[in-house]
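Here's the letter readout for the chains.
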Amino acid sequence: MEKAQSHKIGMISIVVALVAIGAGTAYYFYFLNKRPKGCLDPEKFKEFKLVKRTQLSHNVANFKFALPTPSSVLGLPIGQHLSCRGKDCVGEVVTKAYTPTTLDSDLGYFELVIKMYPQGSMSHHFREMREGDYLAVKGPKGRFKYQPNQVRAFGMLAGGTGITPMFQVARAITENLSDRTNIHLVYANVTYEDILLKDELDNLASKFPNRFSVYYVLNQPPEEWDGGIGFVSKEMIQTYCPAPAPDIQILRCGPPLMNKAMAVHLDALGYTPKMQFQF
Ligand SMILES: Cc1cc2nc3c(=O)[nH]c(=O)nc-3n(C[C@H](O)[C@H](O)[C@H](O)COP(=O)(O)OP(=O)(O)OC[C@H]3O[C@@H](n4cnc5c(N)ncnc54)[C@H](O)[C@@H]3O)c2cc1C
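In short, a report on the structure. (Residues numbered from 1 in each chain as written. Predicted model: local features only at pLDDT ≥ 70, side-chain atom pairs only at ≥ 80, totals over all residues.)

## A look at the environment of Leu204
Moving on, step 1. Structurally, the position occupied by Leu204 is in helix H4 (residues 198–207).
Moving on, step 2. Distance in space between the C-alpha atoms of Leu204 and Arg171 is 8.2 Å, their sequence separation being 33 residues.
Moving on, step 3. Not counting chain neighbours up to four residues away, the residues in contact with Leu204 comprise Ala170, Thr174 and Phe212. (Helix = DSSP H or I, 4+ residues; strand = E, 2+ residues; numbered from the N terminus. Contact = placed C-beta atoms within 7 Å.)

If you want it as structure tokens, here you go:
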């Protein structure tokens, strides 16, 4: 009698296990097939059509590229970037990194905000691009992994075009209702006119006053200016970024000299390597 009982329990356990494996496999394949496929290939450049070019200042423009269908997603994880290929002014092939200001929740297109330097190789390519032209893009690239609530707070130290990955992460966090991460951005530029995405950043600050703050720093400020002046200092980081702690992280993205200077400040202030990330 006892033996029959234990045999029965054994059979039930096997059936339950088989059902669980079956359900797990079905779930896995369902979501694998359901998950929208991205349009990128990490190994191969793919061409995307420039459908709208909007000049934002004398040397900055917004480039809007169409994806294959209106419901296509780019497929770029938050905080990662694209490798874009073009030709410089003597026809040499160049490849540079760019982070879209759009997210995968923006269907059918992606946008790049590009600053074009007079002597820049890839800058030349973008300056010459007209609506209807195609851009060769490969990706995703990058080491940053975004998880909602992965930290209590991000400090962000951005310089010039280094704002684009920060903006992408900030958008992802504030648009995710279940993500409570606080963001403290310090954004450095040479002049007021150089500040990229200012309306968008000010908009985030007024929409999420307790979760997103931005402190602008200018080398050459206008006469009336209530932001920081000069380069981003240790004191500015102490005042405007979260203090060192295991549940915070300071992200940085700017010109190489700024990145170096910020790393020195962060080390001196006691931020461990784990608390720092450079895009
Ligand atoms: C992860 C990542 C994301 C990026 N995202 C963007 C983005 O969204 N938009 C964007 O415009 N750029 C972005 N960049 C910068 C971009 O990759 C190029 O470095 C930039 O466009 C200049 O390339 P270039 O070939 O035109 O200039 P280069 O030929 O490399 O440089 C030529 C000259 O241009 C000037 N110059 C170049 N870069 C800078 C700079 N950062 N600050 C000041 N002067 C400079 C210098 O005078 C330099 O001597 C990103 C970089 C990284 C690493």
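## A look at the site of the ligand
Moving on, step 1. Around the ligand, the structure places 22 residues, and the nearest of them are Tyr117, Gly120, Ser123, Thr161 and Thr164.
Moving on, step 2. Contributing elements (two or more residues each) for the shell around the ligand: strand E4 (93–98), strand E5 (109–115), helix H2 (121–128) and helix H3 (163–175).
Moving on, step 3. For the shell around the ligand, the class distribution of residues is 11 nonpolar, nine polar and two charged.
Moving on, step 4. Taken domain by domain, the shell around the ligand gets at least three of its residues from each of domain 1 (46–140) and domain 2 (153–278). (Near = placed C-beta within 6 Å. Nonpolar A, V, L, I, M, F, W, Y, C, P; charged D, E, K, R; others polar. Domains from an automatic or database assignment.)

## Topic: unusual backbone geometry
Moving on, step 1. The residue after Gly139, namely Pro140, is reached through a cis peptide bond having omega -5°.
Moving on, step 2. Position of Pro140 relative to the elements: it lies in strand E6 (residues 134–141).
Moving on, step 3. Despite not being glycine, Asn149 shows a phi value in the positive range, around 60°.
Moving on, step 4. Locating Asn149 in the fold gives a position in the loop between E6 and strand E7 (153–159).

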